[in-house]
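Here is what each chain is made of, one letter per residue.
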Amino acid sequence: MNHLKRSVLLAWLLCLFCVLVASATLIHWLLSQNGLFTLDGLVEAVGWNWALPVLFSTLAALIIAHQPRNRVGWLLMLPALVTALPNLYSLAAPPPRLTLGVFLLIWFDGWSWIPIIFAIFLIPLHFPTGLPPSPRWNWVNWLAMGMWLFFITVTLFVDPYSPTNYDWTLPNPIGFIPIAWFEGPFLIVWGVGLLSMLSASVVSLFSRYRHAHMVERQQIKWLLYVGAVFILVYAPFFFNGTQESSSMDGWVNLIFTLSILAFPVAIAIAILRYQLFDINVIIRKTAVYTVLTAVLALVYFGTIILLQSLVGQATGEQSPLIIVFSTLVIAALFAPLRQRIQAIIDRRFFRKKYDAQQVLAQFAQTARDETDMAALQAELLRVVQETMQPEQLSVWLNSKQRTK
């Protein structure tokens, strides 16, 4: 068995491991629930603890099976493995004494997030070929490896010891680095390095896009698309994080989880080239309906506030008919507003498609009015040349059909 076959076999074994562990964890969680499920709990158990390792590992194995040398597949496998591994253990309460197993478990828990974050940050650097755009970008990989080794070395000697998301601590028998120094100056320097690594990885993707051929550009658009969706979702999620929990937290967490799960799907579609060129349609529709939703929401709430204010001043009370009226206004504005926004977006960002539509509309008008066959043939050639831009173009007419 050669090296490539062993890599593929290893990928599928790791995928099977992730699926089995995630499924066992989900079953255990379902059996331990006595009351009604909360949305936040379902998202945590089904989304993060099951769907993330299963989806990431399965799509990673598919990429490795088709392109064993592509590092993107292995970068997707890392988050799946690390997400599945902590589910094997539970440290809900401090142990009576710090054994070697507990010590190693707390140590791993302290840096287990690094493979997840680093893998996601390094995907733009290696996407879609599996290698950086050029050898001069390899320093980003070395920076990531150095930061990883430095972090796990430092956390080994921090005193006191504490697992993530728990409020209890244990003394570290080999610790000599104060926790205050670790959570202060060290994390500041670490954050600068992390930001530098992410920035360089993203810049390398845009650099690759500038010099890429058509297919590779379409692949990169898939990653840029899900990245833009993630930023739009994460921005309000981040700013809401410091606020008190509310009934909306479950929905916010659900949308955030779906935006994370979209990454491996988009990456697999791009690398395996399944319906690759549909990304322009998806981007166009997303832009249209995002702007349309924002405008309609502004009109809806603006109408309600304005009319309620006017009615309140006139009658001294609120009227439920205003909500009905605002809903009818939104329904009447939907179709014309969507067409207008789509025309503006096409004209601004999809100029080639917009020009082609305009040319075809003009040709349809000419075909209805033109009676001269030679003039119509010349117009047809011009339209095809402008819209499709073929290397060669000719028109064949059946002379027998033409003389009838």
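K.L.:
Give a detailed account of the overall build of the chain, specifying residues and quantitative values.
P.N.:
A count of helices and strands for the chain gives 14 helices and two strands. Of all 404 residues assigned to the chain, the portion counted as buried reaches 34%. Roughly 24,600 Å² of accessible area belongs to the chain as shown, and the carbon and sulfur atoms make up 68% of that amount.

K.L.:
Report on a nonpolar patch on the surface, specifying residues and quantitative values.
P.N.:
Among the surface-exposed residues, Trp-142, Met-145 and Leu-149 lie close enough to one another that they form a single nonpolar patch of about 380 Å² accessible area. Here Trp-142 is to be found in helix α6 (residues 138-156). Under the relative-accessibility criterion, Trp-142 is labelled exposed at 67%.

K.L.:
Pulling in residues and values, what's your account of the state of the cysteines?
P.N.:
Counted according to the given criterion, the structure contains zero disulfides. Free cysteine: Cys-15, not disulfide-bonded; nearest cysteine sulfur from Cys-18 at 6.8 Å. The class for Cys-18 is buried, based on a relative accessible area of 0%.

K.L.:
Provide a residue-level description of helix α7 (residues 179-211), including the pertinent values.
P.N.:
With 33 residues, α7 extends 47 Å from end C-alpha to end C-alpha; this agrees with the ideal 48 Å at 1.5 Å per step. Of all the bends found along α7, the most pronounced is centred on Leu-187 and spans about 40°. Looking only at α7, the buried set comprises Phe-182, Phe-186, Trp-190, Gly-193, Leu-194, Met-197, Ala-200, Ser-201, Ser-204, Leu-205, Ser-207 and Arg-208.

K.L.:
Could you give an account of unusual backbone geometry, with specific residues and numbers?
P.N.:
Omega for the peptide link from Phe-127 to Pro-128 comes to 0°, which places this bond in the cis form. A cis amide bond, omega 0°, links Asp-159 with the succeeding residue Pro-160. Here Pro-160 shows up in the loop between β1 (158-159) and β2 (177-178).

K.L.:
Before we move on, could you go through the side chain of Asn-141 and cite the residues and values that matter?
P.N.:
With respect to the helices and strands, the residue Asn-141 is situated in helix α6. Polar contacts involving the side chain of Asn-141 include one to the side chain of His-126, which spans 3.2 Å. In this view, Asn-141 contacts Arg-71, Leu-122, Leu-125, His-126 and Pro-132; residues no more than four positions away in its chain are not counted.

K.L.:
Quick rundown of the nonpolar core? Include the residues and the values.
P.N.:
Membership of the largest hydrophobic core comes to 61 residues, with the highest contact counts inside it found for Phe-118, Phe-127, Trp-190, Met-197, Leu-223 and Ile-267. Among the elements that make up this core, the one with the highest residue count is helix α9 (residues 249-272) (ten residues). If sequence neighbours within four positions are ignored, Phe-127 has contacts with Val-72, Leu-205, Arg-208, Gln-219, Ile-220, Leu-223, Ile-267, Ala-270 and Ile-271. Formed by five residues, the second largest nonpolar core is a distinct cluster that contains Val-102, Phe-103, Ile-106 and Tyr-161.

K.L.:
Outline the packing of helix α1 (residues 3-32) against helix α2 (residues 39-66), listing residues and values.
P.N.:
Pairs of packed helices are described in terms of their axes, by the angle between the two and the distance that separates them. Contact geometry for α1 and α2: axes closest at 8 Å, N-to-C directions at 170°. By the angle between their axes, α1 is roughly antiparallel relative to α2. As for the relative orientation of α1 and α2, their crossing is left-handed in sense. For the contact of α1 with α2, a count of residues per class yields 19 nonpolar, six polar and no charged.

K.L.:
Which residues make up the packing of aromatic side chains, and what are the values?
P.N.:
Centre-to-centre distance and the angle between the planes together describe a pair of aromatic rings. Scanning the model with the defined rule gives 18 aromatic pairs in all. Aromatic side chains Phe-108 and Trp-111 sit 5.2 Å apart centroid to centroid with 80° between the ring planes, which places their arrangement in the edge-to-face category. With a gap of three residues between them, Phe-108 and Trp-111 both fall in helix α4 (residues 100-111), about one helical turn apart. For the pair shown, Phe-108 and Trp-111 are each scored as buried. Each ring, one from Phe-182 and one from Phe-186, has its centre 5.1 Å from the other, and the planes form 20°; the classification is stacked. Remark: Phe-186 and Phe-182 occur in helix α7; sequence separation between them is four residues, near one turn of the helix. Put simply, the rings of Trp-107, Phe-108, Trp-111, Trp-113, Phe-118, Trp-148, Phe-150, Phe-151, Trp-181, Phe-182, Phe-186 and Trp-190 pair up and form one aromatic cluster.

K.L.:
Talk me through the confidence of the model for the chain; I want residue IDs and the actual numbers.
P.N.:
Per-residue pLDDT for the chain has a mean of 77; in total, 70% of the residues score no lower than 70. The least confident element of the chain, judged by mean pLDDT, is helix α14 (residues 399-403) at 52; the most confident is α6 at 91. Under a pLDDT of 50 for its full length, residues 241-246 has, in the predicted model, one contact with residues more than four places off or in other chains.

K.L.:
Can you explain the environment of Ala-24? Please cite residues and give values.
P.N.:
Tracing the sequence through the fold places Ala-24 in helix α1. Separated by 26 residues in sequence, Ala-24 and Trp-50 place their C-alpha atoms 9.1 Å apart.

K.L.:
How would you sum up the environment of Met-147? Please name residues and give values.
P.N.:
Structurally, Met-147 can be placed in helix α6. Spatially, the C-alpha atoms of Met-147 and Met-197 are 9.8 Å apart, while their sequence positions differ by 50 residues. Apart from residues lying up to four places away in sequence, Met-147 is in contact with Phe-118, Trp-190, Gly-193 and Leu-194.

K.L.:
Kindly report on the packing of helix α3 (residues 71-84) against helix α5 (residues 113-126), identifying the contributing residues and their values.
P.N.:
α5 packs onto α3 with a crossing angle of 165° between their chain directions and a minimal axis gap of 9 Å. Relative to α5, the element α3 lies roughly antiparallel. As α3 packs across α5, the resulting crossing turns out to be left-handed. Along its contact with α3, which presents Arg-71, Val-72, Leu-75, Leu-76, Leu-78, Pro-79, Val-82 and Thr-83, the element α5 presents Pro-115, Ile-116, Ala-119, Leu-122, Ile-123 and His-126. Tallied by class, the residues present in the contact of α3 with α5 amount to eleven nonpolar, two polar and one charged.

About the cut-offs
- Residues numbered from 1 in each chain as written.
- Predicted model: local features only at pLDDT ≥ 70, side-chain atom pairs only at ≥ 80, totals over all residues.
- Heavy atoms only, no water.
- Helix = DSSP H or I, 4+ residues; strand = E, 2+ residues; numbered from the N terminus.
- Buried < 20%, exposed > 50% of the residue type's maximum accessible area, 1.4 Å probe, protein only.
- Areas by Shrake-Rupley, 256 points an atom, 1.4 Å probe, with all protein chains shown as cover.
- Patch = residues over 30% accessible without salt bridge, like charges linked within 9 Å, V, L, I, M, F, W, Y side chains within 5 Å.
- Salt bridge = Lys/Arg side-chain N within 4 Å of Asp/Glu carboxyl O.
- Disulfide = S-S within 2.5 Å.
- Expected span 1.5 Å × (residues − 1).
- Bend = angle between axes of the 7 residues up to and from the residue.
- Polar contact = N/O pair within 3.5 Å; in protein donor to acceptor, adjacent residues only side chain to side chain.
- Contact = heavy atoms within 4.5 Å.
- Core = buried A, V, L, I, M, F, W, Y, C linked by side-chain atoms within 4.5 Å.
- Axes fitted to C-alpha atoms, helices over the stretch in contact; angles between N-to-C directions.
- Parallel < 35°, antiparallel > 145°, perpendicular 65-115°, else oblique.
- Left-handed = near helix turned anticlockwise from the far one by under 90°.
- Nonpolar A, V, L, I, M, F, W, Y, C, P; charged D, E, K, R; others polar.
- Phe/Tyr/Trp six-rings, centres within 6.5 Å; stacked < 30°, edge-to-face > 60°.
- pLDDT = per-residue confidence, 0-100.

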